[in-house]
Amino acid sequence: MKITYIAHSGFLAELEDTLLLFDYYQGDLPELPDGKMLCVFASHRHPDHFNPEVFRLAEERENVYFILSRDIWKSRVPESLQDRTVHLKAGEEWKQGGVTVQTLRSTDEGVAFLVETDGCTLYHAGDLNDWRWDGEPDDWNRTMAEKFRRYIEPLRGRRMDAAFVPLDPRQEKNYALGLDYFLTLSDYRKPENGAEKIYPMHCWDDYGIIERWLLEHPDSPGRERIVKISKRGEIFIQ
Ligand SMILES: [Zn+2]
């Protein structure tokens, strides 16, 4: 599988028969090979996760589907593409060809995606994260942590090929809470467990936050799974 980091939470995964584009909002899209089914995902309507420009991808290809969170207004979808678009809420499933998509509830707006295709499983968190902030009251932060743990529970013990997980420098000392908890959902001392590769995202182009995590987690068994993204357009083969 070939994974291109586009920008922020935007990734393109190229598999044998399928192309998966997640949360594109800006940046250069690589050339998309012909003949493969293209699934375009948007986890929610915030402008750093959804850009209606993605609908232009249907201008030159037939086999394209748009899998959008239900909070993205139907009126944003061009009339001609309505029949190739689904609006999913949390806890739903969608199947097309060899692709199965399940949605998890987010702690922000919209959903997270769990996608199975070409014998691979990919997880894209959208904004499902432990959004605790220093300035918020304790009970607000406690509720956030509880919700996050509940919503992400379906991933416990789950084998994944690639996981795209927020690591947001704006949270300051709380930046790693979501990723650290994600790593407790499987036993990362065992090679076949959990996510084979974890791509930090939602970094606002501050990739030093990945270095910081590695520096502060020298003994984490999940360490080797963390992908060191350093710039937009970077390609990873796994
Ligand atoms: Zn966001």
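Anyway, here's the lowdown on the structure attached to this text. None of the values given here were measured: they were computed from a predicted structure.

Here we come to the sheet that holds strand S10 (residues 120–124). Read from one edge to the other, the open sheet built from six strands follows the order S7-S8-S9-S10-S11-S12, with strand pairing classed as mixed. The open sheet has two edge strands, strand S7 (93–96) and strand S12 (195–201), and neither has a second partner. Pairs of neighbouring strands in the sheet enclose a mean axial angle of 15°, with direction left out of account. In this structure, strand S9 (residues 111–117) lies alongside S10, joined through five bridges in antiparallel fashion. Note that in S10 the partner of leucine 114 across the bridge is tyrosine 123.

Turning next to the coordination of the zinc ion. Here the zinc ion is held by the protein donor atoms Asp48 (OD), His49 (NE2), Asp127 (OD) and His202 (NE2), which lie 2.1 to 2.7 Å from it. Taken together, the four donor atoms surrounding the zinc ion define angles of 87 to 162° at the centre, an arrangement classified as irregular. In terms of primary sequence, the donors binding the zinc ion are separated according to D-H-x77-D-x74-H. Of the two residues, histidine 49 is situated in the loop between strand S4 (37–42) and strand S5 (64–69) and histidine 202 in the loop between S12 and helix H3 (208–216); the sequence distance between them amounts to 153 residues. Here histidine 202 falls in the buried class, since its relative accessible area comes to 2%.

To continue, consider the pairing of S10. Burial runs high along S10: five of the five residues are buried. The loop that links S9 with its antiparallel partner S10 comprises two residues; one of these, aspartate 118, has a positive phi angle of about 50°. Bridge count between S10 and strand S11 (residues 160–166): three bridges; the pairing is parallel. From the neighbouring strand, tyrosine 123 faces S11, where its bridge partner is alanine 163. A crossover links S10 with its parallel partner S11, the connecting element being helix H1 (residues 138–151), and its sense is right-handed.

A rise of 1.5 Å per residue sets the reference length of H1, with its 14 residues, at 20 Å; its end C-alpha atoms lie 20 Å apart and thus fit the reference within 8%. Asn141, Met144, Ala145, Phe148 and Tyr151 are the residues of H1 that are buried. All buried residues of H1 project into a common sector of 140° when viewed along the axis, lining one side. Opposite the packed face of H1, turned more than 90 degrees from it, sit the exposed residues Asp138, Arg142 and Arg150. Packing partners of the buried residues in H1 comprise strand S8 (99–105) and helix H2 (177–182).

Rules behind the numbers
Throughout, a residue's number is its position along its own chain's written sequence, starting from 1. Side-chain atom pairs in this predicted model are given and counted only at pLDDT of 80 or more, local residue features only at pLDDT of at least 70, and totals for whole chains, interfaces and linings cover all residues. Side-chain figures throughout are based on the complete set of non-hydrogen atoms in the structure, without hydrogens or water. Any two strands are treated as partners once DSSP identifies two or more bridges connecting them. Going along the chain from the N terminus, every DSSP run of H or I of four or more residues is numbered as a helix, and every run of E of two or more is numbered as a strand. Axis angles are defined between N-to-C directions and span 0 to 180 degrees, where every axis is a line fitted to C-alpha atoms and, for a helix, only to the segment in contact. Each metal site lists N, O and S donors within 2.8 Å (3.2 Å for Na, K and Ca). With water left out of the atoms, a site can look as if it is missing ligands. All geometry calls rest on donor angles, where a four-donor set with angles between 85 and 135 degrees is tetrahedral, four- and six-donor sets with opposite donors more than 155 degrees apart and all others between 65 and 115 are square planar and octahedral, and all else is irregular. Working definition: with a 1.4 Å probe on protein chains only, accessible area under 20% of the residue-type maximum means buried, over 50% means exposed, and in between means partly exposed. If the strands point away from the viewer and the path from the first strand over the helix to the second runs clockwise, then the crossover is right-handed. For a helix, the expected span equals 1.5 Å multiplied by the residue count minus one. Directions are taken from the helix axis to each C-beta atom, and the arc is the one they span. The contact definition used throughout considers only heavy atoms, calling two residues in contact when any of these lie within 4.5 Å.

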